[in-house]
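Spelled out from the first residue to the last, the chains are:
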Amino acid sequence: WIFVCLHSTRLGPAGGGTRMKVYGTPAEALEDAMRLSAAMTRKLAVAGLPFGGGKAVIAVPEIPSGEQRRALFLRYADLVASLGGTFRTSSDMNTGEADMDVIGERTEHVFGRSVQAGGSGSPAPPTALGVYHGIRASLLHVFGSDDLEGRIVVVQGAGGVGSPLADHLTNAGASVMVADLEPKRAHAVAARVGGSTLTLDQLFETDCDVYAPCAVGGILSLETVPRLRCRIVAGSANNQLAEPEAADLLHERGILYAPDYVINAGGAISIVGFEQLGWSSAEVDAALAGI
């Protein structure tokens with residue numbers, strides 16, 4: 001099943017990534033795409049980019065590879081092309097530069113292709129840098145200083161964003177603890193940055209200054225928020241709130257929440273800045289710091 005959801009075109013074409021994931025039912029995939037597209041409207045508007053919000057979800061029985069994957073993305077690219085520029089896409093969960101290159105064989109309405117194919121590469125590193133800036137801003141708001149020296153940060157997710165985020169945090173003096181669905185990935189990142197690892201069961205009961213969810217969404221719920229032992233939630237995962245009431249509960253507990261659609265906008269800012277607006281590296285860096 002392939003779902004392309006266009007939430008808004010008020011500020012420009014609907015922009016959003018292409019997520020590939022195994023879902024229990026097609027309805028769950030559609031619901032995910034609809035929620036993600038609405039978040040993209042907010043993200044792109046707050047970032048001041050000339051786009052509305054959209055999102056694509058490819059629901060698969062298992063993550064494909066090889067020729068099967070290529071055929072699927074060519075089929076999807078034809079769908080994107082048929083929309084005539086109303087939707088512009090890039091990579092997301094379980095998709096990357098190579099997939100964007102395949103899409104680019106059939107349509108020009110794709111961001112984040114490899115540098116060799118004329119794109120600006122993966123949006124993950126600038127997303128991580130934007131989250132880093134957002135964490136510093138959150139620390140300044142809560143503690144009166146954005147200094148990371150001696151701060152403890154729990155990073156959930158050791159993938160494309162969580163891994164470089166751990167580097168930024170460690171280089172600034174923070175102590176980093178890493179958790180991931182795949183313990184090997186968590187151990188690899190923790191070893192590289194001189195940090196430690198946590199199991200997923202320990203995430204919410206661990207004392208820290210900042211909890212940075214950089215994996216799946218829906219992690220902040222009426223069940224999990226009461227267990228948090230942090231002062232700040234600031235991470236890259238999309239749709240972190242499982243229900244709106246979780247935000248009220250965070251507020252009641254005195255936990256500052258950096259809205260996901262603001263703090264994780266670095267990837268969108270970077271690829272649109274480089275590939276459409278003609279920004280220099282300095283201009284992109286300044287926009288990322290603006291988060």
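Up top you'll find the structure we're talking about.
Conventions used here
- Residues numbered from 1 in each chain as written.
- Predicted model: local features only at pLDDT ≥ 70, side-chain atom pairs only at ≥ 80, totals over all residues.
- Heavy atoms only, no water.
- Phe/Tyr/Trp six-rings, centres within 6.5 Å; stacked < 30°, edge-to-face > 60°.
- Buried < 20%, exposed > 50% of the residue type's maximum accessible area, 1.4 Å probe, protein only.
- Helix = DSSP H or I, 4+ residues; strand = E, 2+ residues; numbered from the N terminus.
- Lys NZ or Arg CZ within 6 Å of the ring centre and 35° of its normal.
- Pairing = 2+ DSSP bridges.
- Axes fitted to C-alpha atoms, helices over the stretch in contact; angles between N-to-C directions.
- Contact = heavy atoms within 4.5 Å.
- Salt bridge = Lys/Arg side-chain N within 4 Å of Asp/Glu carboxyl O.
- Core = buried A, V, L, I, M, F, W, Y, C linked by side-chain atoms within 4.5 Å.
- 1 Å grid on protein atoms, 1.4 Å probe; cavity = no way out; pocket = protein on both sides within 12 Å on 5 of 7 lines; lining within 4 Å.
- Points joined across faces, edges and corners; volume = space filled by probe spheres on them.
- Expected span 1.5 Å × (residues − 1).

Visitor: Teacher, can you tell me more about the packing of aromatic side chains here?
Guide: Both the distance between ring centres and the angle between the ring planes are used here to describe each pair of aromatic rings. Counted according to the given criterion, the structure contains four aromatic pairs. When the centroid spacing of 5.8 Å and the interplanar angle of 10 degrees are considered together, the rings of Trp1 and Phe3 count as stacked. We classify Trp1 as exposed; its relative accessible area is 61%. Between Phe51 and Phe111, the aromatic rings sit 5.9 Å apart at their centres with planes inclined by 80 degrees, giving edge-to-face as the arrangement. With Phe51 in the loop between α1 (26-46) and β3 (52-59) and Phe111 in the loop between α3 (97-104) and α4 (124-143), this residue pair connects regions lying 60 residues apart in the sequence. Across the pair, Phe111 and Phe51 agree in class, each one buried. If you follow Arg42 out to its NZ or CZ, it ends over the ring of Tyr261, 4.9 Å from the centre. Directly above the ring of Phe143 sits Arg151, whose terminal nitrogen or CZ lies 3.8 Å from the centroid.

Visitor: Which parts of the structure should I look at to understand the sheet that holds β3?
Guide: Think of a sheet as strands paired side by side through backbone hydrogen bonds, with each pair either parallel or antiparallel. The four strands lie next to each other as β1-β3-β2-β4, forming an open sheet whose pairing is mixed. Since the sheet does not close on itself, it has two edges, and those belong to β1 (2-6) and β4 (87-91), each with one partner. On average, adjacent strands in this sheet sit at an angle of 25 degrees to one another, irrespective of strand direction. Sheet topology places β1 next to β3; five bridges connect them, and they run antiparallel. From the neighbouring strand, Phe3 faces β3, where its bridge partner is Val57. Contacting β1, β2 (14-21), β3 and β4, helix α2 (residues 66-82) runs over the sheet at an angle of about 35 degrees to β1.

Visitor: I keep staring at the pattern of salt bridges and nothing clicks. Help me out?
Guide: A side chain with one charge may pair with a side chain of the opposite charge, provided their charged atoms come close. A complete count under the given rule lists twelve salt bridges for this structure. Two residues, Asp99 and Arg69, come together in a salt bridge whose shortest N-O distance is 2.8 Å. Remark: Arg69 occurs in helix α2 and Asp99 occurs in helix α3; sequence separation between them is 30 residues. Of the two residues examined, Asp99 and Arg69, each falls in the buried class. For Arg185, the salt bridge is made with Asp180, and the minimal N-O distance between the two is 3.2 Å. Members of the salt-bridge network, linked through shared partners, are Arg19, Asp32, Lys55 and Asp92.

Visitor: Whenever I open this one, the nonpolar core confuses me. Can you help?
Guide: Across soluble globular proteins, nonpolar side chains show a tendency to be buried alongside one another. Counting 29 residues, the largest nonpolar core has Ile135, Leu148, Val153, Val155, Leu165 and Leu169 as its most contacted members. Going through the elements one at a time, α4, β5 (152-156), α5 (162-171), β6 (175-179), α6 (183-193) and β8 (210-213) are the ones with two or more residues in this core. Sequence-distant contacts of Leu165, defined by excluding residues within four places in its chain, comprise Ala128, Val131, Tyr132, Ile135, Val155, Ala212 and Cys214. Counting residues in hydrophobic clusters, the runner-up holds 19 residues, among them Val154, Leu198, Leu203 and Val233.

Visitor: Could you clarify how one ought to interpret the sheet that holds β6 in this entry?
Guide: Strand order in the open sheet formed by six strands is β7-β6-β5-β8-β9-β10, and the pairing between neighbours is parallel. The sheet terminates laterally at β7 (196-197) and β10 (256-257), the two strands that pair on one side only. Here β5 pairs with β6 via five bridges, running parallel. Bridge pairing in β6 places Val153 opposite Val176.

Visitor: Would you take a moment to explain the layout of surface pockets for this structure?
Guide: Vacant regions in the atomic arrangement are exposed by a probe of water-molecule size rolled over the atoms. For the largest pocket, the calculated volume is near 1100 Å³. Surrounding the largest pocket, 46 residues form its lining, Asp92, Met93, Asn94, Val161 and Cys214 being those nearest its centre. Broken down by secondary-structure element, the contributors of at least two residues to the lining of the largest pocket are β2, α1, β4, α4 and α9 (266-275). Approximately 260 Å³ is the volume attributed to the second largest pocket. In terms of lining, the second largest pocket is formed by 16 residues, of which the most central are Lys21, Asp32, Arg35, Gly217 and Gly218.

Visitor: Can you walk me through the environment of Gly218 in this structure?
Guide: For Gly218, the location among the structural elements is in the loop between β8 and β9 (232-233). Judged by its relative accessible area of 35%, Gly218 is partly exposed. In the structure, Gly218 is positioned 40 residues away from Val178 in sequence and 19 Å away in space, judged by C-alpha atoms. If near-sequence neighbours (up to four positions away) are discounted, Gly218 is found in contact with Asn238, Asn239, Gln240, Leu241 and Ala242.

Visitor: Would you mind showing me how to read α4 here?
Guide: Since one α-helical turn is 3.6 residues long, residues separated by three or four positions face the same way. Given a rise of 1.5 Å per residue, 20 residues ought to cover 28 Å, and the 28 Å separating the end C-alpha atoms of α4 matches this to within 8%. Listed in full, the buried residues belonging to α4 are Ala124, Pro126, Thr127, Ala128, Gly130, Val131, Tyr132, Gly134, Ile135, Ser138 and Leu139. Within two residues after α4, Gly144 carries a phi angle of roughly 85 degrees, on the positive side.

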